[in-house]
Each structure stands twice: as structure tokens, then as C-alpha cells.
Amino acid sequence: MRLIGYYFLLAVCYGTSVFNIYSISFDDYPQGWIGDTALFVKDENGGLRLNAPEEAGDAFLFSPSTGINDAVWNIRVLLDFNPSAYNYMKIYLATDGQEEFKNGFYLVIGTTHDNITLWERIEGEDHLLIEGAEKLLNQEQVALDIKVNRRADGYWKLEVNIGTGWITVGEAFSSFGFGAKWFGFSCHYTKTRANKFYILNISITGNPYPFNITNFQVVNGYTLLFEFSDTLSSTYSQPVLRGVNFELPSIDNFVYGDGFNSSKVELMNLLPDIKEGQLFISGWCSKNGQCIDDTILIFSYQSPKVLQFYAEGYYDLFLSFNLSLPEGLLQPDNFNIGNGNIKVSEILDLKQGNYRLRLNRPIGDAEETICYIENLTLPNGDVIPYGPYQLYYHEAAPFDIVFSEIMHDPSPQVLLPEVEYLELYNRSELPVDLKNMILSINGNKITLESYLLFPNEYVVIIQNDAVTSKGRYIPEKWVTLNNMGGELVLYNPSGIVVDAFRYPSVLESDNFFKQQGGWSMELIDPDNLSNDLSNWAYSTNNRGGTPGEPNSVTTVNPDFSGPRLVDSWLENDSVLTLAFSEPIKYENIVDSGFSLTSNGLDIERILWDSVFKDQVRVAFKTRLIPHKIEKLNLPSNISDLSGNLFSEEHSLLFGLPGQVDSFDIVINELLFDPPVGGFEYVELYNRSGKIAALDSLCIARNGSQNQPEELFRLSDRTRWFLPGRHLCFTKNAEWVKSNFICEAEDQLVELSKFPNFYSDGGVVFLTSLNGHVIDRFDYSPDYHFELLAETKGVALERISYDAITNSPMSWQSASSMVGYGTPTGKNSQYVETSSGQYSKLLELTPKVFTPDLDGVDDFLIVNYTLGIPGQKGTFIIYDIEGRPVKHLINNQTLSTSGKIIWDGITDDHTLAPPGIYVIWCRIFDLNGNVREFKDSFVLGVKAY
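Residues numbered from 1 in each chain as written. Predicted model: local features only at pLDDT ≥ 70, side-chain atom pairs only at ≥ 80, totals over all residues. Heavy atoms only, no water.

1. Here's the deal with the sheet that holds strand 62 (residues 860-865)
Thinking step 1. An order of 60-62-65 is seen for the three strands of this open sheet, with the pairing classed as antiparallel. With one partner strand each, in any of the chains shown, strand 60 (842-845) and strand 65 (897-902) form the two edges of the open sheet. Between one strand axis and the next, the sheet turns by 20 degrees as a mean value, whatever way the strands run. (Pairing = 2+ DSSP bridges. Helix = DSSP H or I, 4+ residues; strand = E, 2+ residues; numbered from the N terminus. Axes fitted to C-alpha atoms, helices over the stretch in contact; angles between N-to-C directions.)

Structure below.
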């Protein structure tokens, strides 16, 4: 194969900005070339041929060349093979270096696509400019003429001729330019292609890139870096720098970099922060005598700063810079906090220059702590300001902030918008930031954002902007306030309860219309921490509330009442809970203050409710024994938050309930027909020696076929019913207490669900959870004292705990002397049972009775003792004239012993007149044995 006409010529004219380049031959090869010159040889026609060992490799050749502006490259190559991914060629049109150049333009000929492509490399990163058609070079031998044009404005055009005429491969535009220094090519081959690459002709015309600044960088606040398109001359250069729209600090020194292609300018003082600063420069010249034109560079600089440095908590700090720091640069040793007494134990990188610092010990509450940032230098030499930085943190302590107003039922609307809201009041002496505080509404939590609540100021927390007030906060989400009442809890960021309040459905008020809605509940005295509803009242403002403003009902209302034990129950068989009427001081609830009188039962620990602060849990070391009564002794110094002492009995009887049987618990008193506006009640009595579980007992009225209707559970917790105790159940305890004398109010239990008993007679059932009947009372209005003019509001009382429940003889109307009812107390008509044996067939008590319902000797009680079962009897009352007055029983089967009661009412349903009366009875059996007995007594009248 004969190759012809291959020349390479390079001519340079100094002192002008134009460099003309012409083709010349390779006659003097390898002179003028550097690289792998030993791997190339001149062929017989004056070109170059790769002549590498038969092993895969790469071969590079470079020659000086500065042509890049308005440049044309004409190149002819021959690849004596079909190119592939392992056998291809690169031609480096213009670069700033040799094999590992940073900036340049180059061609790739071949590879897997069998095409030709034009690439640019900017700071080591390659970008495709022109991509030729695939399979263009898919030939057994590729003879290729290449023409590349680049205008000074960055326009590129790539043309090729593969023997069929010139075709345009592609055009592109790139604004990138630089001072070119080299032209070259490389062959990438396998061992079978180690001598198949030919470089036949290379011709370059063009101008060098103008001498100018190719890169400007603010290295740091004290150093500026300039990079140029050609080598600088320290002899020719007389640089001038001046700020146009800012004052440039005085220059300390010029430092020239390796190769003199760059220069650092060191300043005496820190650059000012500036955006789009204008820097005038002139006077730098190249070694060829070219000087840059007067130039204004636009730049921005911001010195590293601490944007935010504050305490998020006692152990946590938040630090934010105006720039991102290199990973791992910030270290605990960079911080000097509190004169070195507090150390940073952990740094959490939140990215984008934000950090959270964890301390090994807390900073002081509401105290200024000084911090310095030491020796924190960025890689560019900038230094983070030393400080000082002031750290301050304060969280609301318990009761610093209190709930002061609640609008839970804004309908019907008064004058305020129909929207719910809550109000908080800062009763402390320090401002409190609400940030990261938690507001819990019926267990649904809202995290509050930053809001600075100053002392003696209010903030209304509301779901929208409907209410305009001085202090208003709208959270991202809102939780609906339950109209039936609920629980409000405010936590500080450390999780400590600041305030907690159980708000009711309605408040007691003479203004019934306010209970229907539209009026807020306002706190009367924020210094009264009892949480008692007596410290709350409906707003008196004519708008219906005072959101964000002082409450309309505000006045001095101190707490002078000590805490009361209002409830107690068992959590399980080894934990007892005590509930008080108001928050109590934690420091007075200590293990040593509680004790037990029982042997074998010890206290393990005392747990205090840290939310509402009104409950105490007593955990025992061992399990309680069913039906065994225990006695817990309470500390003598229990007090509320105002210092009022607990003044009730400092002991509590309790026990673990067990299984009970029928008639262990009996129905003892019943108000089934209350007056208008009143409420029914049922009193029970534990006549056994067992402890009953109230959560296992139910009350019901009769449904169809006189069977229990809906069962109403007597407790939602495990509460005990001790032997010999009364418990009275109703739907409205306040009404019962207001209308009757309650000897033991702690034995009056209010149930949210309770039967409505039939006023014309019905059945009261006491059952277990599975409906098993423990006691049953088939009541009737006829059981009342017949001469009562009105029975509404009069309770029926059981005359004896041992009496048969469903017997008219076992029930009487409650005495008028006690207000016609004795809920929680001993029945006014109770008849004591003698424990001895009667010596006679009949025993009358009292000998003189006065049936006036005053609760004293209202009945004649006939105690009989037969001794033999299966006997029948007839009992008749006669007056002094021998006339029958009252047939008590007639031929009825009798028990071996029992009681028969006469209330003074005759067979004519009138009250017998005072006088002497005789009771006569006949007792007989089926064998014809007959016994008779009579005795006298007096029906008297009390003198008042």
C-alpha cells in the first residue's frame, strides 16, 4: 500500500494576537513531538504508522499547538481494520495538557458505535458536543478525511469524507474556551492491531485564545485567586485591583502559582459580605507581552457566620451556619461552654449547615450561659467567628401556665364566632416560649410552634382566624373539644406536665341558658390550683367569652379546703389506687408515710400520678387474699398545692373481692317514684361476710315476662363492697344529697346509666354480669303506708336485712322524720333482730307502738317460734270490745320462726284509734294438733 502527500507545518508569530499554522511533513520526526514516540515510525510515504509490540495497549503523541479561535483542523487517518470498542483512535484538537489534561476538545473515531464524535472536557469532566451516525465507519478499512471548524464565538462544525464525498456529521455551540497548548492523538489497540493505525496528514490554522482571565475565585475572605489563559509575566505585569461598588481591603501580597498561569492576591483585612460585587482589574500580562483588557468581574462573597445558636433544651443546642461545613469538620473540642464546665458529648449533622449538639450536663434554667467556638477553620482558610454566643433556656414549670378559658360548645352562637378555642395564661414571672410544648386534648396531641407568652398575658389557641384577639395562636392541626367534657394536658418540652384539667360538660349555674352552649368557661382565680369546678364560671362578658383577654369573672378565690379521698379501686390483685379531690403535693407522698395493719402484706412502692397529680398508686409486694379486709394508713401530712391538709380519716378499709352468692347482697331501699325533676335510687346492703366486686354486679328493671331488661354495671373498675356496708346508686348524686340526709356521702355512687323504674310497680334486679339473680324485689305502691297522702319522693325501706325480699311484711315507707328516705344510712324502719330464743309461742315488741311514721316504734312486731315445721296459722287483732280489727294472716303456712308486722291499719284501710288491743292466733298442723295464744298491747299516740 502506497501513501502520499502527508505534511505537517507549524509557524508561530510572536508579538501579535494571530498565530498562523501550516501543514508540514514528518521528515524530522520525532522532533517536535513528545509521548510514546518509540511506538510510531514514519512510513514510506512520509506519514506515521503505529508500530507497537503485539500486545494490547495505548499510544499517545502530542505536539505544541495554540490554535483554537477561528481554527480549522484538516486530518487524514487510515485504520486498516474495522473499528471496535477495543480498537479506536482519539484526536486531541486542543488541550491544556497531555494525557491527563483538564480542559480540551477531542475526537473519538470508532468504538462500538462505529462513528465519530466530538467531545469537550471542562475541569476534567467530559461532555458530548457532536455525535455522528452509527455504522458510519463500519468498514473493513477506514480511510477518513476529517475537517473541524471552530469559530471564536464557540461555533463548531464537524465534516468527514470516507471516499464518497464530504458530509456534515454535526454542528454545535459551546461557550467554553481556554488557552490551548497541545495538539495530539492516541491509538487504543489489541495485539492484532498494533501496527494498523496510520496518521497521514495534519493541517491546523487558527488563532490562540486571547490572553484573559479564565477563572476567578474568592478562595476565602483574605485570598483571591486569578487563573489566566496563558503564562503570566511578572516582569510585564503591573496588576491593579479596585472595588467598584465596595471597598476592597488593602493588598498584602501577590503570589504567583506554579507555571505562572495563576496568581493569588492576599488581602490585609477580611472582604466585606457582598452580593454581585464589582471588582475592577487590569495590568496582568502574559510572557508574550499580551495584557488583559480592563475588566470588571462580578462576584459574591459571604463570610462564614453563625446564623442561629440557641438552646432547644437543657441538654440540646441548635447551631446553624450560613454554609455547609465539610463532613467531620465540626468536633466537640471546638466548643467552650460555661468556662469549660459543660462539654459537647455528641454532634448530629442535620445537613445544610445545621447541627444539633448534645451536652454532657444541663445548662442552667433561665440563666445566661456563654459559649465560644474555637479553632474552627474551613478548608478554604475562612474561620468561623469565635463568639461569644449567649445561650439561654427556660421551660415552663408546673403551673407556670394554666388553662384559663375553654369554649368547647360554641353553639348556639352569642356574639363570638361559632368556633372552639382554648386559652392559656402565664402566671409566672418569666416569658415562656411555647415551642415544642405538647397540648393534649383527650389524648390527641398537638405540638406547638414558637410563640413567646409573656408574664400575665393570655394566648388563645384556636382552629382558625375567626377570633381576632391580641394573643392568638393557630396550630397546624386542631382536635375537636368534646361537648360532653374531656381532659386537657399541657406538657413542657421535657415532658413534664405544666397544667392538666378535666373540663365538664356543663358548669353549675343559675343561668340555665348558658349551659346550652355559646358561653365559655372561665377560670376565676389563676392562683387557685385546686382544679375544683368552684373556681370556674361561665363568662359574664356579653360576647360569650373573653379570648386572649383578662377573664370577665376574675377575682380572688383562694383554696382553703383540704383534699378529700373521693374514690379508690384496685388495678389488679396487688395495686391499689387512691383518688383525691384535687392535686396533692408529691413531696408529701412518700413510701414511709403509708403503712398497713395487716400481717403478711407489705408495701413495695408508692406511685404518684404526675399528670393530674390527684391519684396515688400503692403497690404491694404480694397478692391480696380474696375476702380479707385490709387497712391502709395514710400519711398525716398529705396536703394540696396550697398547703391545706387532708383532714379526713387517715385510714382506708379495702380488700380483694371474691365470688358472692344469692342473698349475700340485698336490695335495702328503693326510691322508684321520685318527684318531678328528681331521680331514682337503689340502696344495697352487704349482709354477708364476703367482699363483693362492684364491677361484677348489675342493676336492672323488669322487661318482658318480668325478666331483667338492660343490665347496668355498678362500676367500671374493681371497687370493693365490704361486709356490713350500705351503697346507694343513682343517676344524680347531687340531687339525692340535696333532698335526703346522707350519713355517708362516700357510699353514694353516681352512675351515668341507670334504670328508670316504673312508678306503678315493677321489679328491681340485682344480678351478676351473666344475669344470675342475686336479689330481686317485686315492688308496688301498695307497700307504702296506706295513710300517706302522697307517696312521690317516699322511699321503701327494708325492715330487716334477713327478711325475705319479696314479702310485703319486709317493707315499709321511710319515716317522715328523716325526710322519707335514708340513702347510705340505716333504715328508719329497721327492726333489730334478737339473737336469743323466744320462750313463748308469741313475743310482742314493743308493748306500746305509735304508727306515725316518725321512725320510732312505728310497728307492732309479732315474733313467733313454733319449733316444728309444716304448721299453719291465723293471726287476728281485736279491739277492747272484742271486735276483729285486722286479719294479719289467714291459714297460711308458717316457717319455724318469723315475724309478723302490723302498722296500725285496719281491714277498713283506716288507722286504728288509740287504745288497748289483743292479738289472737291459732296454730295447727295436718294431724289436728291445735294451739292458741293471745296477748295484749297498746296502740298509742305521742304527745308533742
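2. A look at the pattern of salt bridges
Two side chains of opposite charge can pair, provided their charged atoms sit close to one another.
Thinking step 1. Under the defined criterion, the tally for this structure stands at 32 salt bridges.
Thinking step 2. The shortest N-O distance in the salt bridge between E312 and R356 comes to 2.6 Å. Placement of the pair is E312 in the loop between strand 22 (306-311) and strand 23 (316-321) and R356 in strand 26 (residues 354-359), with a sequence separation of 44 residues.
Thinking step 3. Given a relative accessible area of 18%, E312 falls into the buried group.
Thinking step 4. Salt bridges here are not isolated pairs; linked through shared partners, they connect E487, R502 and D614. (Salt bridge = Lys/Arg side-chain N within 4 Å of Asp/Glu carboxyl O. Buried < 20%, exposed > 50% of the residue type's maximum accessible area, 1.4 Å probe, protein only.)

3. Section: the pairing of strand 22
Thinking step 1. Bridge analysis of strand 22 against strand 23 gives five bridges, and the strand direction is antiparallel. Bridging across to strand 23, F309 finds its partner in L319.
Thinking step 2. Counting the residues between successive antiparallel strands, the hairpin from strand 22 to strand 23 contains four residues.

4. Here's the deal with the side chain of E582
Thinking step 1. Structurally, E582 is set in the loop between strand 42 (575-580) and strand 43 (595-596).
Thinking step 2. Setting aside its immediate chain neighbours within four residues, E582 contacts S530, D559, S561, G562, P563, K613, D614 and D640. (Contact = heavy atoms within 4.5 Å.)

5. Concerning the nonpolar core
Thinking step 1. If you look at the biggest cluster of nonpolar residues, it comprises 52 residues, and the most contacted ones within it are F40, W73, I91, I109, I116, I146 and F185.
Thinking step 2. Among the elements that make up this core, the one with the highest residue count is strand 5 (residues 67-79) (six residues).
Thinking step 3. When residues no more than four places from it in sequence are discounted, the contact partners of I146 are W73, N74, I75, I91, L107, I109, I116, L158, E159, V160 and W166.
Thinking step 4. If you look at the next biggest cluster of nonpolar residues, it comprises 36 residues, including V432, I441, I446 and W478. (Core = buried A, V, L, I, M, F, W, Y, C linked by side-chain atoms within 4.5 Å.)

6. Some details on the environment of G443
Thinking step 1. Positionally, G443 belongs in the loop between strand 32 (438-441) and strand 33 (444-447).
Thinking step 2. Taking the relative accessible area as the measure of exposure, G443 reaches 55% and is therefore exposed.
Thinking step 3. The spatial distance from the C-alpha of G443 to the C-alpha of V489 is 8.5 Å, given a sequence separation of 46 residues.

7. Quick notes on the sheet that holds strand 17 (residues 240-243)
Thinking step 1. Across the sheet, three strands lie side by side as 17-20-21; this open sheet has antiparallel pairing. On the outer flanks of this sheet lie strand 17 and strand 21 (295-301), each paired with one strand and no other. Neighbour-to-neighbour, the strand axes of this sheet turn through a mean angle of 30 degrees, independent of strand direction.
Thinking step 2. Sheet analysis places strand 17 next to strand 20 (residues 274-282), joined by four bridges and oriented antiparallel. By the bridge assignment, L241 is partnered in strand 20 with I281.

8. Topic: the state of the cysteines
Thinking step 1. Here the structure, examined in full by the defined rule, presents one disulfide.
Thinking step 2. The residue that forms a disulfide with C285 is C291, at a sulfur-sulfur distance of 1.9 Å. The disulfide joining C285 to C291 has a torsion of about 95 degrees about its S-S bond and is therefore right-handed.
Thinking step 3. Owing to a relative accessible area of 3%, C285 belongs among the buried residues under this scheme.
Thinking step 4. Of all cysteine sulfurs in the structure, the one in C728 sits closest to C698, which takes part in no disulfide; the separation is 17 Å.
Thinking step 5. Between C728, a cysteine without a disulfide, and C742, which holds the nearest cysteine sulfur, the sulfur-to-sulfur distance is 6.8 Å.
Thinking step 6. Taking relative accessible area as the criterion, C728 reaches 0% and is therefore assigned buried. (Disulfide = S-S within 2.5 Å.)

9. Considering empty space enclosed by the protein
Thinking step 1. One pass over the full model with this rule turns up three cavities of 30 Å³ or more.
Thinking step 2. Empty space within the largest cavity amounts to approximately 90 Å³.
Thinking step 3. As for the largest cavity, its lining consists of F399, V402, F403, D499, F501, L523, P526, N528, L529, S530, N531 and W536.
Thinking step 4. Looking at the lining of the largest cavity, the elements that each hand over two or more residues are strand 29 (401-407) and strand 38 (497-503).
Thinking step 5. Residue classes in the lining of the largest cavity are distributed as eight nonpolar, three polar and one charged. (1 Å grid on protein atoms, 1.4 Å probe; cavity = no way out; pocket = protein on both sides within 12 Å on 5 of 7 lines; lining within 4 Å. Points joined across faces, edges and corners; volume = space filled by probe spheres on them. Nonpolar A, V, L, I, M, F, W, Y, C, P; charged D, E, K, R; others polar.)

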